[in-house]
Amino acid sequence: MIAQIKSRVKEICHAWHISLDGVTSSESVITLMAHTTGKSARCPCCGRRSTFVHSHRLRKIQGTGLLGSRTLLILDVRHFVCTNKECGQSIFSEPLAMARPYGRHTYEAEKHIRHEALHQTARKACETLAMQHIQISQSALIHTLRLMGRVNPEVRTSGYVGLDDFAKWKGHKYMCVIVDHYTRLPLAVFDSRYGQEITDWLKAHPEIKVVTRDGSQSYASIISAASEFIIQVSDRFHLMQALKRDAVEPIRLLLGQKKEKMQYPCPTEEKAYKAIVGDICQMGEKKHRERVMLYYEARRLRDEGKSIAETARIMGVKSQIVHKALNTDIRKLLSQEQKQALAAAREIARVVSSGCISPPSVLGRLEGKLPSRLLARCMRSIVAKYKPLRKEVRLHNKALGEQKKAVKVKGSTIWKYIVTGQTGSKKLLSLKDTHPEVEQVVQVCMRFRKMLHDEDGAPTMDEWLEEAAACQVGEIRDFAEYIRKDRRAVEQACCTCFNNGLLEGTVNKTKAIKRSMFNRANADVLRAKVLYSGMKWDWNYHLN
């Protein structure tokens, strides 16, 4: 057994330019003691060779399995003194043929580690690597992926790419991915979907000729900012979905089967802020409240451009009182509670504008920045105004849910009738006789579909826009206005074969990766798994 190990190890040592000093074997580990054989080493900073040895160090490097056991290489590595006085590095370690600087695994072992980490979860990858006789922890695997996904790699594109967004945290954080249409591989993943970094990436790739996207005007402006010569192609699927949304709902309404659920009302951030500041000014005794209200009202009129005399006339007081109020230090005038509430007023308004009206729910979002009693005092006018309105909405929506269910025409049936003009539904056929605008909607949608797929007898863009603008249904006119704003991209969709189908598949793959990691993947880890799991790139990238 030892002779067989030594024979195999000598071959490895010759390839790695090291000399074997000894071999020890236990039940699970084969330990190799060796030293380097080179007489000199080249400085990594200036490139000059040196033969002056400063010291010796031992490095432990783990390799791939050997004869069914884990392999550990204990290597005597020399540190050399750089003879170049102008070099910034005086002492350096000699480079190794089998491992990178500061690496704890050989290149071959790192290749196995990256492969398993990219295609499995950390726990499963550890188990698989243990079967291959490579020992590594889950945290080390995650750290490897984070190093891989710190930045997007430098790549050369085919010139035809597409971009789309996906949810990192649905409703809160979204990311963007760019995919090459010819290699069918993701090229870059960005932390935000509408950021300057996307424009910079497009500028760094002047070879890009065509970019496919959905109907987002934000992406249109990002691509235009990168280069005016890039041809933008709007995705046909998203165009048809936008038409479906605008065409099906009016017909559902005509059929009387659309339940109009009311939305719970809430103020805008500015309105909420004004109401909160008004409540804060009402704190304290009567004389104190009058002084605070006088200051804020005078300040508001002055900010609108009114003179002191005009401000006094509007407020019904003397000019001297207005002048004195404006020169008052409001920080000395306000009480401690008012200062505390005013500091959190903008954040309270932001929470209220998102839909939280009750003080307990707002208090939970503020994470204890204000006492509950003080917060309730700040929201007194908002609660008094919107609580009855919300009660009406709640009763209205509850009554809709208690109504008896009638036989409905499915949305898919309505959509099929709109784009083909054929249906077996008697309700739709009778609706066509009683409402002539339905036939107009059907004709506009059928002609748009023909134009989008470049079929025989399809209208031109100008003809369709004129026809849609004359439609009696407002939603169709709004859709035509949207097409007019994005006309160049829609025209390219009609005459090219490019679409965003490849992007949708990449987004679905990203969702599968997120689910495999229980939706806890860091942005860097997610970028590494999306970019490198299917790429045939060189694995020996620089990790430092």
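Overview of the structure. This is a predicted model, so every value here is computed, not measured.

Comments concerning the overall build of the protein
(1) Moving on: Regarding its fold elements, the protein presents 25 helices and 12 strands.
(2) Moving on: Relative to the globule expectation of 24 Å for 544 residues, the C-alpha radius of gyration of the protein, 35 Å, shows a markedly less compact shape.
(3) Moving on: Seen along its three principal axes, the alpha-carbon backbone of the protein occupies a region of about 100 × 75 × 50 Å.
(4) Moving on: Counting across all 544 residues of the protein, residues that qualify as buried make up 42%.
(5) Moving on: Long-range pairs, those at least 24 residues apart, make up 60% of the contacts in the protein with a sequence separation of at least 6.

So, the side chain of Arg59
(1) Moving on: As for its placement among the helices and strands, Arg59 is situated in strand β5 (residues 53-66).
(2) Moving on: Here Arg59 sits buried without a salt bridge, and the closest side chain of opposite charge, Glu110, lies 8.1 Å off (N-O distance).
(3) Moving on: At 2.8 Å, the side chain of Arg59 forms a polar contact with the backbone oxygen of Gly103.
(4) Moving on: Excluding residues that lie within four positions of it along the chain, Arg59 makes contacts with Leu73, Ile74, Leu75, Val77, Leu96, Ala99, Arg100, Tyr102 and Gly103.

Section: the state of the cysteines
(1) Moving on: Tallied over the full model, the rule gives zero disulfides.
(2) Moving on: We note that Cys266 lacks a disulfide partner, and the nearest cysteine sulfur, in Cys356, lies 9.3 Å from it.
(3) Moving on: Classification of Cys266 by relative accessible area gives partly exposed; the value is 31%.

Observations concerning the pairing of strand β11 (residues 210-213)
(1) Moving on: Here β11 shows a buried face lined by Val210 and Thr212 and a second buried face lined by Val211 and Arg213.
(2) Moving on: Of the strand pairs in this sheet, strand β8 (residues 160-169) and β11 are connected by three bridges, and their pairing is parallel. Looking at the pairing, Tyr160 lines up with Val210 of β11.
(3) Moving on: Note: β11 against strand β12 (residues 231-234), four bridges, orientation parallel. Residue Arg213 lies in a different strand from β12, and its bridge partner there is Ser234.
(4) Moving on: After leaving β11, the chain enters helix α6 (residues 217-226) and then returns to the sheet as β12, a path that is right-handed.

A short note on the pattern of salt bridges
(1) Moving on: Within the structure shown, the criterion is met by 17 salt bridges.
(2) Moving on: For Glu127, the salt bridge is made with Arg123, and the minimal N-O distance between the two is 3.6 Å. With Glu127 and Arg123 both in helix α3 (residues 122-131), this residue pair falls four residues apart, about one helical turn.
(3) Moving on: Exposure remark for Glu127: the relative accessible area of 40% places this residue in the partly exposed category.
(4) Moving on: The class of Arg123 is partly exposed, set by a relative accessible area of 47%.

Re the environment of Asp486
(1) Moving on: Tracing the backbone through its elements, the reader meets Asp486 in the loop between α22 (474-485) and α23 (487-495).
(2) Moving on: Sequence-distant contacts of Asp486, defined by excluding residues within four places in its chain, comprise Arg213, Gln217 and Ser234.

A short note on the packing of helix α9 (residues 286-303) against helix α10 (residues 308-315)
(1) Moving on: It is at 10 Å that the axes of α9 and α10 come closest, and there the two elements cross at 130 degrees. In terms of orientation, α9 and α10 fall into the oblique class. Relative to α10, the crossing made by α9 is right-handed. Facing α9, whose interface residues are Leu294, Glu297, Ala298, Leu301 and Arg302, α10 presents Ile308, Thr311, Ile314 and Met315.
(2) Moving on: Of the residues that constitute the contact of α9 with α10, the class distribution is six nonpolar, one polar and two charged.

Digging into the packing of aromatic side chains
To describe a pair of aromatic rings, you give the distance between the ring centres and the angle between the ring planes.
(1) Moving on: For the coordinates displayed, the defined rule picks out 10 aromatic pairs.
(2) Moving on: The interplanar angle of 20 degrees and the centroid separation of 6.0 Å between the aromatic rings of Phe80 and Phe92 together place this pair among those described as stacked. Taken together, the residues span a long stretch of sequence, with Phe80 in strand β6 (residues 69-81) and Phe92 in strand β7 (residues 91-93) at a distance of 12 residues. Accessibility classification places Phe80 together with Phe92 in one group, the buried group.
(3) Moving on: Every member of this aromatic cluster is reached through a ring pair, and the members are Phe448, Trp464, Phe479 and Tyr482.

Some thoughts on helix α5 (residues 196-203)
(1) Moving on: If you check which residues of α5 are buried, you get Ile198, Thr199, Trp201 and Leu202. An end-on view of α5 places all buried positions within 160 degrees of arc, on one side of the element.
(2) Moving on: In this structure, the buried side of α5 is in contact with β8, β9 (173-180), β10 (186-190) and α6.

Here we look at the environment of Ala41
(1) Moving on: Examined against the element boundaries, Ala41 turns out to sit in strand β3 (residues 41-42).
(2) Moving on: By relative accessible area, which is 4% here, Ala41 ends up buried.
(3) Moving on: On a C-alpha basis, the gap between Ala41 and Asp21 in space is 21 Å, while along the polypeptide they are 20 residues apart.
(4) Moving on: The residues touching Ala41, leaving out its near neighbours within four places in the chain, are Arg48, Arg49, Ser50, Phe80, Phe92, Glu94 and Pro95.

Criteria and thresholds
For every chain, the first residue of its written sequence is number 1, and the numbers climb from 1 along that sequence. The predicted nature of this model means local features are confined to residues of pLDDT at least 70 and side-chain atom pairs, given and counted, to a pLDDT of 80 or more, with totals for whole chains, interfaces and linings taken over all residues. With hydrogens and water stripped out, all remaining heavy atoms of the structure feed into the side-chain values. Under the DSSP-based scheme used, a helix requires at least four consecutive residues in state H or I and a strand at least two consecutive residues in state E, with every element numbered from the N terminus. Here the globule rule reads 2.2 Å times residues to the power 0.38, and the radius of gyration is calculated from C-alpha atoms. Throughout this description, buried means an accessible area under 20% of the type-specific maximum (1.4 Å probe, protein chains only), exposed means over 50%, and partly exposed covers the range between. The criterion used for residue contact is that any of the two residues' heavy atoms lie within 4.5 Å. None of His or the chain ends enter the tally, which takes Lys and Arg as positive and Asp and Glu as negative. Should a side-chain nitrogen of Lys or Arg be within 4 Å of a carboxyl oxygen of Asp or Glu, the pair is scored as a salt bridge. Think of a polar contact as two N or O atoms within 3.5 Å of one another; within protein, one of them needs to be a possible hydrogen donor and the other a possible acceptor, and neighboring residues in sequence only count if both atoms come from side chains. We call a pair of cysteine sulfur atoms a disulfide when they lie within 2.5 Å. Think of it this way: DSSP has to see at least two bridges between two strands before they count as a pair. A clockwise course of the path from the first strand over the helix to the second, judged with the strands pointing away from the viewer, identifies a crossover as right-handed. What counts as an axis is a line fitted to C-alpha atoms, over the stretch in contact for a helix, and the angles between N-to-C directions run from 0 to 180 degrees. Orientation categories follow fixed angle ranges, with anything under 35 degrees roughly parallel, anything over 145 roughly antiparallel, 65 to 115 roughly perpendicular, and all other angles oblique. Helix crossings fall into two classes, left-handed where the near helix is turned counterclockwise from the far one by less than a right angle and right-handed where it is turned clockwise. Three classes are used: nonpolar for Ala, Val, Leu, Ile, Met, Phe, Trp, Tyr, Cys and Pro, charged for Asp, Glu, Lys and Arg, and polar for all others, with Gly counted as polar. Here is the rule: rings of Phe, Tyr and Trp (six-membered ring for Trp) pair when centre to centre is within 6.5 Å. Planes less than 30 degrees apart are stacked, more than 60 are edge-to-face, and the remainder are tilted. Relevant arc is that of directions from the helix axis to the C-beta atoms, nothing else.

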